Each structure stands twice: as structure tokens, then as C-alpha cells.
Amino acid sequence: MAPEIEIYDTTLRDGTQGEGVAFSVADKLRIAERLDAFGVHYIEGGWPGSNPRDIEFFAEARHHTFKNARLAAFGSTRRKDVAAAADDQVQLLIAAETPVVTIFGKTSPLHVREVLQTTLDENLKMIADTVRFLKANGKFVVYDAEHCFDGFKEDTPYALATLHAAEKAGADIVTLCDTNGGSLPADIAAITRLVRGELRARIGIHTHDDIGLGVANALAAIEAGATHVQGTINGYGERTGNCNMTSVMPILHFKLNRRGVPAESLPLLTELSQFVDETANLRPNPRLPWVGSSAFSHKGGTHVNAVAKVLSSYEHVNPASVGNTRHVLISDLAGRSNIIMKARELGFDLANDAHLRTLLAAIKEMEHRGYEFEAADGSLTLLIRRVLSKAPPPFTVDAYHVSMRSDGARPSVCEATVKVRVGTERAHTVADGDGPVNALDAALRAALVTFYRQLGAVRLTDYKVRIIDSASGTAATTRVLIQTTDGASEWGTIGVHENIIEASLQALADSLEVALIKSAAIV
Ligand SMILES: [Zn+2]
């Protein structure tokens, strides 16, 4: 069945304009494969005319078969006063050998005169010639009308003439672009409706998020008759980003009941979002709607209480429907129901009232000293286990020593020694590091890996230090938060102490103990 709303992903082209986003050719291919498996309809792979990496991407992509998506190469209309066939940049679009070619052209007279420095008539010819040339070469053509909404406000008859030029020349889709991202939904809707009445081609929408309306504007256009939507995973893109497809896709399905990607793909949405962040080497944004780790987090006591009774009371959809999970944040604002829900999330049943009271008292006391468990699920898991089970700890750090020296000329060297005990056996190791915590981590790991080989695959992904005022106000306390991964999952642990090394060691030891629980080395 043909999609009702076509999903056109431009993460690999417009998304790479975003600050901090860079993909190798291999990264791009892996993302394209994921997007294809997810069921998007088009993947814009790059702009061959703008960089050699994109030419290489299309050369590589030729060896791949995509099941659902059609690959698109992106470029612009021909230059002024040159035949399309003689324009290098247009030639590269043909050479990319993609089934789809997307070109952008000017809609706004201001841009034609000031930026292109040509006549309004020549711009119409540039659009028509290029589309006609691509159609003659067997391409499915998407025409992106740049600065479209600004163009319509400036000169409606001329803006319409540019769209007609593209359509008459054979463009299969005409996409209205809010290139500057400053339009409002009502304007987007009105102009889309006007265009809808004038053209026969499928109408697309391409928006940017400069005033926080990227998704809202795309939806306004869809409500007004657009049936093709362009955007990026996680909203990557120039400035504040593009229209966020990780919002658009679930909204189409869950809120508007319109057919976009296959329904069975939506539970994989959070995973797709994380995969793209990981490939871009960016930390996932916890506040991203639908897919962020905070999207279904509950903190306030009354919320948690209500959620425990009726799941839908503070959740607009079931988090599992987009592959996300509900989190209960532990905080001294909240009471028993928080702890019970959190324990359940972590796989513990706190039916025993005495256990619950002990745990609540322990958490309250620790939070008073500066612990914060919201980002330290790992340490909280250990705390609950210690209350529920009498099992001895998997290891004990008996002693440690950290030293640092510098002779002025060379970079300083840090060295740590650690003595650990596992059951009745002991290990004593020494390691160097870039800093004291790094050396301590290396020494602790080296000691433990002789007992637990699986710790070799465990690594730290983040280390944060914050100085907090102690509850008594007499001395500064250091809070260390560590994120750790074993490749399959990630967890946070915490340490609090007046001494940063001691706080770090607590968080490090917790992180390795959680790794052992996850690998089922200890139960
Ligand atoms: Zn754009």
C-alpha cells in the first residue's frame, strides 16, 4: 500500500550541517541501512556537488540494495546562463546513479536578484531546464522550493510561477521549504493550502526549528494538504536544527492516525534515535520528546503515586509504543510509592514493609549527605540489593594509594596502587593514568579483571564532578557521577565525599559491581 504521508529523511545531508555532526562514509552507510530497515521512503544521502565524501558515499551505496527506501542525491538548479547538461554540479547528480534526485531552486525574487544576481525569468528557466534534464535522464525528481514561505509573502504570483515551472517540467514532488525556520504554523498552513489548490504534484514540506516550530510547521502543512515531509532524526541540522522526524513519525501514527512508516517500526524509534546519536558520537538529549530518557520520567510524589495506580494518568502514550521506558526518579521530594515503583523498574519486589522502611531511611540519609540517585540507577540498585540480601560484596577495596609527580619539563604522571579482596583471595596492582582518577580506575580494573574477565569489556563513558555544599554548610563536598557501559547497556553510579579521589573510587567501585550483576557473575 502506498504511504499516505511520505517520510523523506535528510539526516545524512541537511542533518550533517548541524554543529558537532560529522559522519564518515561507513557511518552514512550504516545509518542509511537502519533508516531503510525502519521504513522511511526516501534517504537523502548527500550533496555530491559540495564534497567528495558524498560522491564516495553514492559510489559505495550502489552496492547496497535498499528494501524500503529510495536513495536521493541532493543538488541545486543549474547555474545561470549555462545549459543544464553542461553544468558540472548537475552532472554529478546524474553520476550519483540514484533513482531520486532532489534539487533546490529559488522562490523569492529578493534571492534571485540579490543572491543569484540574475533575472526573474532566467531563474524560471534554471528551474525548468534542470528538472527537464533530470527527467530526461530517468530520474524521479523532488523539487525543493527554497525560502518558499518568505517568497510567497514577498511576491505570491512569482513564487507560484517558480513552482509551476518545476511542475510543468515534470517534477514529481514540489517541496515547500521554510529555509530560515522563522515561519508560523498559520502562515505555513495558508500558503500550503494555496499551493495545494494550484498544483497537481505531491506537495512536500521541509521546515527548520529556528523558533521551536519545526515539527509544528510540518504538521500544519500536512493538515493543509502536504503528503511528503522532510526532516532529520533527532532534529539534527543547521543552527537549532531541522524538523525532528523522531517526533513527526510517532505524531502521524499516534495522534493523527495517518499512515507514514509501518506501524511495527514505531517500537524501534528510541533505538533508532540512540543509534544515530551514537554513530554521530553525540550524547543523547534526555529531553527529546518521545525518545529522550526523560520523556517518560516521573519525579514528583503525586505523579508517581498516580502513575502507580493508572499508567495513563501522567503519560500521553505508553512509552513502550515508541521503544522508550518509564523511569521513576528518586528524590527526597517523593515518598514510598516512588521507591516501590523504582524498585519494581529495577526488578525488585519491596513487599516487605520493614525493608521498605530501611531503604527509605537510607536514601533520605544519603540524599541529606549529597547523594542524588536520579542519574545513578546503578548505585541505587546496589543499595536496594544490600537491604534485601545478605550476600557478601563481590569485592572489597582494602587499601589504595594515589600519587602524582612532575619534573616541570614533562607532563605530570599519576600512579595508583590498589589492594582488593575477592573472597579469600587478594590482588595488589599498580597502574599509570592521565590523572589520579584515571590511574585509580586502571589499577582497580586490572586487579578485578584477574577474577572477573568480563570486566575487560566495560568502559567509562562519562565522568562528572560537582562541588556541593554539605548539609551542615561547614565543608565543601564533592559529588562524582560516572556513566559506564558494557556495550549493551549503560548505567550511572555516584560517589560523595569531601575528597574527590574517595568520591571517585566509590562511584568506580559501584560501576564495576553493577557490571558484575549485569553479566550475572554475581547474583
Ligand atoms: Zn534545510
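Structure first, text after, so check above.
Residues numbered from 1 in each chain as written. Predicted model: local features only at pLDDT ≥ 70, side-chain atom pairs only at ≥ 80, totals over all residues. Heavy atoms only, no water.

Visitor: I'd love a proper account of the side chain of Thr-98, names of residues and values included.
Guide: Here Thr-98 shows up in the loop between α3 (88–95) and β4 (100–106). Reaching out from Thr-98, the side chain makes a polar contact with the backbone oxygen of Val-100 at a distance of 2.8 Å. Discounting chain neighbours no more than four positions away, the residues touching Thr-98 are Phe-58, Leu-71, Ala-72, Ala-73 and Lys-139. (Helix = DSSP H or I, 4+ residues; strand = E, 2+ residues; numbered from the N terminus. Polar contact = N/O pair within 3.5 Å; in protein donor to acceptor, adjacent residues only side chain to side chain. Contact = heavy atoms within 4.5 Å.)

Visitor: Explain the coordination of the zinc ion to me, and be specific about the residues and the numbers.
Guide: Coordination of the zinc ion by the protein is provided by Asp-14 (OD), His-206 (NE2) and His-208 (NE2), with metal-donor distances spanning 2.0 to 2.1 Å. Sequence spacing of the donor residues for the zinc ion, all on one chain, is D-x191-H-x1-H. With Asp-14 in the loop between β1 (6–9) and α1 (25–38) and His-208 in the loop between β7 (202–207) and α9 (214–223), this residue pair connects regions lying 194 residues apart in the sequence. A relative accessible area of 4% places Asp-14 in the buried class. On the accessibility criterion, His-208 (4% relative accessible area) is buried. (Donors = N, O, S within 2.8 Å, 3.2 Å for Na, K, Ca; no water. Buried < 20%, exposed > 50% of the residue type's maximum accessible area, 1.4 Å probe, protein only.)

Visitor: I'd like a description of the sheet that holds strand β3 (residues 70–76), backed by residues and values.
Guide: Pairing is parallel in the closed barrel, where eight strands are placed in the order β1-β2-β3-β4-β5-β6-β7-β8. Taken over all neighbouring pairs, the strand axes of this sheet differ in orientation by 25 degrees on average, direction set aside. When β1 meets strand β2 (residues 42–46), the two strands line up parallel, connected through two bridges. Paired with Tyr-8 across the strands is Tyr-42, a residue of β2. (Pairing = 2+ DSSP bridges. Axes fitted to C-alpha atoms, helices over the stretch in contact; angles between N-to-C directions.)

Visitor: Summarise the sheet that holds strand β13 (residues 425–433); cite the residues concerned and give the values.
Guide: Here we have three strands laid out as an open sheet, ordered β11-β12-β13, and antiparallel in their pairing. Among the strands making up the open sheet, the edge pair consists of β11 (396–405) and β13. Direction aside, the axes of adjacent strands within the sheet are offset by 10 degrees on average. Inspection of the sheet shows strand β12 (residues 413–422) paired to β13 by nine bridges, in the antiparallel sense. Each residue of the ladder has a partner; that of Val-418, found in β13, is Thr-429. Along the sheet, helix α16 (residues 436–449) contacts β11, β12 and β13; its crossing angle with β12, the most-contacted strand, is approximately 35 degrees.

Visitor: How would you sum up unusual backbone geometry? Please name residues and give values.
Guide: In this structure, Gln-117 is a non-glycine residue whose phi angle is positive, near 55 degrees. Considering the arrangement of structural elements, one finds Gln-117 in the loop between α4 (109–116) and α5 (120–136). The class for Gln-117 is exposed, based on a relative accessible area of 55%. At Arg-239, a position not held by glycine, the phi torsion is positive, near 55 degrees. Mapping Arg-239 onto the fold places it in the loop between β8 (228–231) and α10 (245–255).

Visitor: Explain α16 to me, and be specific about the residues and the numbers.
Guide: For α16, spanning 14 residues, the distance from its first C-alpha to its last is 20 Å, which sits close to the expected 20 Å at 1.5 Å a residue. Taken together, the buried positions of α16 are Val-437, Ala-439, Leu-440, Asp-441, Ala-443, Leu-444, Arg-445, Ala-447 and Leu-448. (Expected span 1.5 Å × (residues − 1).)

Visitor: I'd like to hear about the packing of aromatic side chains, residue by residue, with values.
Guide: On inspection of all chains with the given rule, the structure shows eight aromatic pairs. Summarising the aromatic geometry, the rings of Phe-57 and Phe-58 are spaced 5.2 Å apart at their centres and angled 70 degrees between planes, so their arrangement reads as edge-to-face. What makes Phe-57 buried here is its relative accessible area of 0%. With centroids separated by 6.0 Å and ring planes inclined at 20 degrees, the aromatic side chains of Phe-254 and Trp-290 adopt a geometry described as stacked. Of this pair, Phe-254 sits in helix α10 while Trp-290 is found in the loop between α11 (269–280) and β9 (297–298), placing the two residues 36 residues apart along the sequence. A relative accessible area of 7% means that Trp-290 is categorised as buried. An aromatic cluster is built from Tyr-8, Tyr-42 and Phe-140, whose rings are joined through pairwise contacts. (Phe/Tyr/Trp six-rings, centres within 6.5 Å; stacked < 30°, edge-to-face > 60°.)

Visitor: For the pairing of β1, give the residues involved together with the corresponding values.
Guide: The two faces of β1 match: Glu-6 and Tyr-8 on one face and Ile-7 and Asp-9 on the other face are all buried. In this sheet, β8 lies alongside β1 in parallel orientation, the contact comprising four bridges. From the neighbouring strand, Ile-7 faces β8, where its bridge partner is Val-229. On the question of chirality, the crossover connecting β1 to the parallel β2 by way of α1 is right-handed. (Right-handed = clockwise from strand over helix to strand, strands pointing away.)

Visitor: Describe the packing of helix α8 (residues 185–198) against α9, with residues and values.
Guide: Interaxial distance between α8 and α9 falls to 8 Å at its minimum, and their mutual angle equals 30 degrees. Judged on the interaxial angle alone, α9 and α8 are roughly parallel. Viewed along their axes, α8 and α9 form a crossing whose handedness is right-handed. On α9, the residues that touch Pro-185, Ile-188, Ala-189 and Thr-192 of α8 are Ala-216, Asn-217, Ala-220 and Ala-221. (Parallel < 35°, antiparallel > 145°, perpendicular 65-115°, else oblique. Left-handed = near helix turned anticlockwise from the far one by under 90°.)

Visitor: So what about the environment of Lys-518? Which residues, and what values?
Guide: Tracing the sequence through the fold places Lys-518 in helix α17 (residues 500–518). A sequence separation of 32 residues divides Lys-518 from Asp-486, and the C-alpha atoms of the two residues are 8.8 Å apart. Not counting the four nearest positions on each side in its chain, Lys-518 is found in contact with Asp-486, Ser-489 and Trp-491.

Visitor: How would you sum up a nonpolar patch on the surface? Please name residues and give values.
Guide: Taken together, the side chains of Val-465, Ile-467 and Ile-500 define a hydrophobic patch exposed on the protein surface, amounting to about 250 Å² of accessible area. Checked against the element boundaries, Ile-467 lands in strand β14 (residues 459–469). Note on Ile-467: relative accessible area 57%, which makes it exposed. (Patch = residues over 30% accessible without salt bridge, like charges linked within 9 Å, V, L, I, M, F, W, Y side chains within 5 Å. Areas by Shrake-Rupley, 256 points an atom, 1.4 Å probe, with all protein chains shown as cover. Salt bridge = Lys/Arg side-chain N within 4 Å of Asp/Glu carboxyl O.)

Visitor: I'd like a rundown of the environment of Gly-204, residues and numbers included.
Guide: Of note, Gly-204 is situated in strand β7. A residue is classified by how much of its surface remains accessible, and Gly-204, at 0% relative accessible area, is buried. Excluding anything up to four places from it in sequence, Gly-204 contacts Ile-173, Val-174, Thr-175, Leu-176, Ala-226 and His-228.

Visitor: Go over the packing of α5 against helix α7 (residues 156–168) with me, naming the residues and quoting the values.
Guide: One way to put it is that α5 packs onto α7 with a least axis distance of 8 Å and a crossing angle of 25 degrees. When the axis of α5 is compared with that of α7, the two are roughly parallel. You can see that α5 and α7 cross each other, and the crossing is right-handed. In contact with Leu-120, Asn-123, Leu-124, Ile-127, Ala-128 and Val-131 of α5, α7 contributes Tyr-158, Ala-161, Thr-162, Ala-165 and Ala-166. When grouped by side-chain class, the residues that make up the contact of α5 with α7 number nine nonpolar, two polar and no charged. (Nonpolar A, V, L, I, M, F, W, Y, C, P; charged D, E, K, R; others polar.)

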